[in-house]
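So the chains spell out like this:
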Amino acid sequence: MASGLEDPILERSFKGHKAAITSADFSPNCKQIATASWDTFLMLWSLKPHARAYRYVGHKDVVTSLQFSPQGNLLASASRDRTVRLWVLDRKGKSSEFKAHTAPVRSVDFSADGQLLVTASEDKSIKVWNMFRQRFLYSLYRHTHWVRCAKFSPDGRLIVSCSEDKTIKIWDTTNKQCINNFSDSVGFANFVDFNPNGTCIASAGSDHAVKIWDIRMNKLLQHYQVHSCGVNCLSFHPLGNSLVTASSDGTVKMLDLIEGRLIYTLQGHTGPVFTVSFSKDGELFTSGGADAQVLIWRTNCIHLHCKDPKRNLKRLHFEAPPHLLDIYPRSPHSHEDRKETIEINPKREVMDLQSSSPPVVDVLSFDSTTMMDSTCRAVPGKGEDICRYFLNPLLMPECSSTTVKKRPEDVSDVPSESLRSVPLAVADALEHIMEQLNILTQTVSILEQRLSLTEDKLRDCLENQQKLFSAVQQKS
């Protein structure tokens, strides 16, 4: 026990994926967990005892990232099949498919109001989408290598991204420009995110490091070298006073950001850990990795330097000056692993762990696909069902009878409906049309990149011409 704090407890584990888990997220009401995997499936787990799990089938390659919408009625997923899907969480399997990236998509993230979605891809671009109209808005180009992750700030005014070009960039969503850049000569960041009040960013590095940057002072505040392999993911506690990290060394670690130290090392996985995520109330966090297990931990950190998060909400803006009451140390702090940290190995210490492989119901994708025209806009008449759920988060599909009888406690989980059959000839024709549209979309994306480069070169030429003209005038 550290500082009068109760140790985290491994409360539950789920097994259902057939391959490594790449991403996990709690629903806003903290009653469900969604996970993504190398097995190309998404799974929706209920924290109720004896409840069914739902497996969503639609992606054709590894699912790399997922996130619940702030309202909790939609789920966004990214995949190595170059697509982004927006799922309605019912048993109809309805989803909208977004096609604009020309390479595997690595991350998805909703803005806090749910109006926008940002995606990052190995095509070196970041794309922003309007969720209300199911429409592509704009791309951000400045990275020179694969973009691993992109996240909105809590107020939605900024986007942070990290890339294998060893840079972390801050983007202004208003003027769509890169306004800040953090470089690292050692390794690249696998994951990056804002702290809850939006004043700092944390990066999980391939160089085994976790770094905290103040984006107002453009300064490295904390540097933790506590893992023995690359750090793959991190998650802030909703209060912002601690974070958990996941690493390829097979451990999950909890850091106290106020005291600037490692407090717990959690050893529940066998093999690399790829994802970790706090619940919205901060009472639980989940981890997943190469062993295909979903572990649920109870934090027991309610009393860990608890501050009222409302006191710092006024300092959400990028230009806001630093404040002495901010939770982070006032000077850069480098941390090495210390002996007094507590190691928790649930295999030895937890005897009453609830390990379950619940019954799994397969939900096949029924595409209300968002078609992309030559300007990457959604074609009218498509994706209307998804828009209905966006407009009214409380709207749920009508249930129809199925051969599976649901117990009373399962009714609130996922409504049910049998899939409609599509004639084979029609399906083949639609698939051919989609392939052609995909080629057109990729062509437009490439042209967009070339246009952006041409504009930059033209701007440089005009600036040089203006300098030459000024120099000639001075001489004459």
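Source: prediction; values computed, not measured.

### Describing the UniProt feature "repeat: WD" (unreviewed entry) in the protein chain
Summarizing the sequence annotation, UniProt attributes the feature "repeat: WD" (unreviewed entry) to residues 14–55, 56–87, 98–139, 140–181, 192–223, 224–265 and 266–297 in the numbering used throughout. Taken end to end, residues 56–87 has its terminal C-alpha atoms 9 Å apart, with 0% of it in helix and 56% in strand. Across residues 266–297, helical content stands at 0% and strand content at 56%; the span's end C-alpha atoms are separated by 10 Å.

### So, the nonpolar core
Counting residues in each nonpolar core, the largest one holds 46 residues, and the members touching the most others are Ile 168, Ile 201, Leu 243, Leu 255 and Phe 285. If sequence neighbours within four positions are ignored, Ile 168 has contacts with Val 160, Ser 161, Cys 162, Asn 180, Asn 181, Phe 182, Ala 189, Val 192, Ile 201, Ser 203 and Trp 213. Ranked by size, the runner-up nonpolar core spans 15 residues in total, among them Leu 74, Val 88, Leu 117 and Trp 129.

### Regarding the sheet that holds strand E32 (residues 360–364)
What the five strands build is an open sheet, ordered E2-E3-E4-E5-E32; its pairing is mixed. Taken across any chain shown, the strands that pair with only one partner, and hence form the sheet edges, are strand E2 (21–26) and E32. The mean angle between the axes of side-by-side strands here comes to 20°, regardless of whether they run parallel or antiparallel. When strand E5 (residues 53–57) meets E32, the two strands line up parallel, connected through five bridges. Within E32, the residue paired with Tyr 54 across the bridge is Val 361.

### Notes on a nonpolar patch on the surface
There is a patch of nonpolar side chains on the surface, built from Val 426, Leu 430 and Ile 433 and spanning about 240 Å² of accessible area. Overall, Leu 430 belongs to the partly exposed group, its relative accessible area being 43%.

### Comments concerning the sheet that holds strand E30 (residues 342–344)
Within the open sheet, the five strands sit side by side as E22-E23-E24-E25-E30. Their pairing is mixed. Two strands bound the open sheet, and with one partner strand each, they are strand E22 (231–236) and E30. Averaged over all pairs of adjacent strands, the angle between their axes in this sheet comes to 20°, without regard to strand direction. Across five bridges, strand E23 (residues 242–247) lies against strand E24 (residues 252–256) in antiparallel orientation. Note on E24: the bridge partner recorded for Val 244 is Met 254.

### Considering the packing of aromatic side chains
With the rule as written, the count across this model stands at eight aromatic pairs. With 4.8 Å between their ring centres and 70° between their planes, Phe 98 and Trp 129 make a pair best called edge-to-face. In this pair, Phe 98 is assigned in strand E9 (residues 94–98) and Trp 129 in strand E12 (residues 125–130), connecting sequence segments 31 residues apart. For the pair Phe 98 and Trp 129, one class covers both residues: buried. Relative to Phe 285, the ring of Phe 278 has its centre 5.5 Å away and its plane inclined at 65°; by these criteria the two rings are edge-to-face. Residue Phe 285 is classed as buried on the basis of its relative accessible area of 0%. Following the ring pairs from residue to residue traces out a cluster consisting of Phe 98, Trp 129 and Phe 136.

Rules behind the numbers
Residues numbered from 1 in each chain as written. Predicted model: local features only at pLDDT ≥ 70, side-chain atom pairs only at ≥ 80, totals over all residues. Heavy atoms only, no water. UniProt positions renumbered as here; feature names shortened; annotations may be inferred. Helix = DSSP H or I, 4+ residues; strand = E, 2+ residues; numbered from the N terminus. Core = buried A, V, L, I, M, F, W, Y, C linked by side-chain atoms within 4.5 Å. Buried < 20%, exposed > 50% of the residue type's maximum accessible area, 1.4 Å probe, protein only. Contact = heavy atoms within 4.5 Å. Pairing = 2+ DSSP bridges. Axes fitted to C-alpha atoms, helices over the stretch in contact; angles between N-to-C directions. Patch = residues over 30% accessible without salt bridge, like charges linked within 9 Å, V, L, I, M, F, W, Y side chains within 5 Å. Areas by Shrake-Rupley, 256 points an atom, 1.4 Å probe, with all protein chains shown as cover. Salt bridge = Lys/Arg side-chain N within 4 Å of Asp/Glu carboxyl O. Phe/Tyr/Trp six-rings, centres within 6.5 Å; stacked < 30°, edge-to-face > 60°.

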